[in-house]
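Remarks on the overall topology
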Amino acid sequence: MRTDHRFDDSLAATLLICIVYPVGPAATILMPMIVGGLIDGYGYSEQQAANIAALEGLGLVAASIAAAFWIRRVSWVRAVLAGILAYAMLNVASAQTAAYGPLLALRFLTGVAGGNLFAVTVAALGDNRAPDRAFGLAQAVQGVMMLAAFLAAPALIGRSGVAGLYYLL
C-alpha cells in the first residue's frame, strides 16, 4: 500500500472530489443540447455551432495534456478553487454573449478551465488509497448529476435558451 499520498483520501475529501469530477466535462456531455440551442436560439449555422463545440473540446483536451507538466507542482486545492472560479465566470460570461467570435473564445477558455478541473480530479481519484472505489463513486455522482442536467435542460432551453444551460454549468 502506498503511503506517499498527495491527496487527503478521507471519505469527505473523496466525496468532494467526486462532486467536482463531472464539472470539467459537463459541457461536453451536454454539447448536443448546447449545439441545438446555439442553432435555434442564436441563429448560428451548423458549422458555427460545431466550431464552438470543437473549440471547447480542444480547450479541455489541451488543458488535460498540459496538466501532466504541472499537476504535481501546484496545490490541488488552489487548482480546484481557481478552476471552479474560472469555469463559473466563463459560463456566466458565455450566457451573456451571443456574438459568434467572443463566444467562440469564451467557450475555448471554458474548455481549458474544465480540462484543468478534470485533470486535478482524475489525479486525486487516482491517488486515493482505494482508487477503484473512488472512481466508482465519481462515476456514480457524474451519472446522477448528468441525469439531472439532462432532465432540466429542455425546460432551461425553453425558458432561457442556451444561456440557461451556461448558467446551469
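All chains use their own residue numbering, which begins from 1 and follows the written sequence. Only residues with pLDDT of 70 or above have their local features reported here, since the model is predicted, and side-chain atom pairs are shown and tallied only from 80 upward, although totals for entire chains, interfaces and linings are computed over all residues. Hydrogens and water molecules were not included; the side-chain quantities draw on all heavy atoms of the structure.

Relative to the elements of secondary structure, Leu 16 occurs in helix 1 (residues 11–20). Placed 122 residues apart in sequence, Leu 16 and Ala 138 show a C-alpha to C-alpha distance of 9.6 Å. Each helix is a run of DSSP H or I of at least 4 residues and each strand a run of E of at least 2, with the numbering of both proceeding from the N terminus.

In these notes, a set of buried Ala, Val, Leu, Ile, Met, Phe, Trp, Tyr and Cys residues joined through side-chain atoms within 4.5 Å is what counts as a nonpolar core. For every residue, the accessible area obtained with a 1.4 Å probe (protein chains only) is divided by the maximum for its type, and the residue is called buried under 20%, exposed over 50%, and partly exposed between those limits. One finds Ile 34, Leu 38, Ile 71, Tyr 87, Leu 125, Tyr 166 and Leu 169 to be the most contacted residues of the largest nonpolar core, which totals 46 residues. Looking at which element gives the most residues to this core, the answer is helix 6 (residues 100–126), with 10 residues. By definition in these notes, contact holds between two residues if any of their heavy atoms fall within 4.5 Å. Discounting chain neighbours no more than four positions away, the residues touching Tyr 166 are Ile 34, Leu 38, Asn 91, Ser 94, Ala 95, Leu 103 and Arg 107.

The predicted coordinates of low-pLDDT regions are not to be read in fine detail. On average, residues of the protein score 93 in pLDDT, and 96% of them are at 70 or above. Summarising per-element confidence for the protein, the mean pLDDT is lowest in helix 1 (91) and highest in helix 4 (residues 46–70) (97). The model gives residues 1–5 a pLDDT under 50, and that stretch makes 5 contacts with residues more than four places away or in other chains. Confidence scores here are pLDDT values: one per residue, from the predictor, ranging 0 to 100.

So, on to the packing of helix 3 (residues 31–42) against helix 4. Helix-helix packing: each pair is described by the crossing angle between the helix axes and the interaxial distance. Every axis corresponds to a line fitted to the C-alpha atoms, with the helix fit spanning only the stretch in contact, and the corresponding angles, defined between N-to-C directions, vary from 0 to 180 degrees. Two elements in contact, helix 3 and helix 4, have axes separated by 9 Å at closest approach and are oriented at 140°. The handedness of the crossing between helix 3 and helix 4 is right-handed. When helix 3 is examined against helix 4, the residues Met 31, Val 35, Leu 38 and Ile 39 are found in contact with a partner set consisting of Glu 46, Ala 49, Ile 52, Ala 53 and Glu 56. Charged means Asp, Glu, Lys or Arg here, nonpolar means Ala, Val, Leu, Ile, Met, Phe, Trp, Tyr, Cys or Pro, and polar covers whatever is left, Gly included. Residue classes in the contact of helix 3 with helix 4 are distributed as 7 nonpolar, no polar and 2 charged. For any helix crossing, the convention is left-handed if the near helix is rotated counterclockwise from the far helix by under a right angle, and right-handed if that rotation is clockwise.

A pair is scored as a salt bridge if a Lys or Arg side-chain nitrogen falls within 4 Å of a carboxyl oxygen belonging to Asp or Glu. All told, the structure shown has 2 salt bridges when counted by the stated rule. The residue Glu 56 makes a salt bridge to Arg 107 at a minimum N-O spacing of 2.9 Å. Taken together, the residues span a long stretch of sequence, with Glu 56 in helix 4 and Arg 107 in helix 6 at a distance of 51 residues. There is no split in this pair, since Glu 56 and Arg 107 are both buried. With its nearest N and O atoms 2.6 Å apart, the salt bridge here joins Arg 72 to Asp 127. Here the residue Arg 72 occupies a position in the loop between helix 4 and helix 5 (76–95), and Asp 127 occupies one in the loop between helix 6 and helix 7 (131–160), the gap between them amounting to 55 residues. Taking relative accessible area as the criterion, Arg 72 reaches 40% and is therefore assigned partly exposed.

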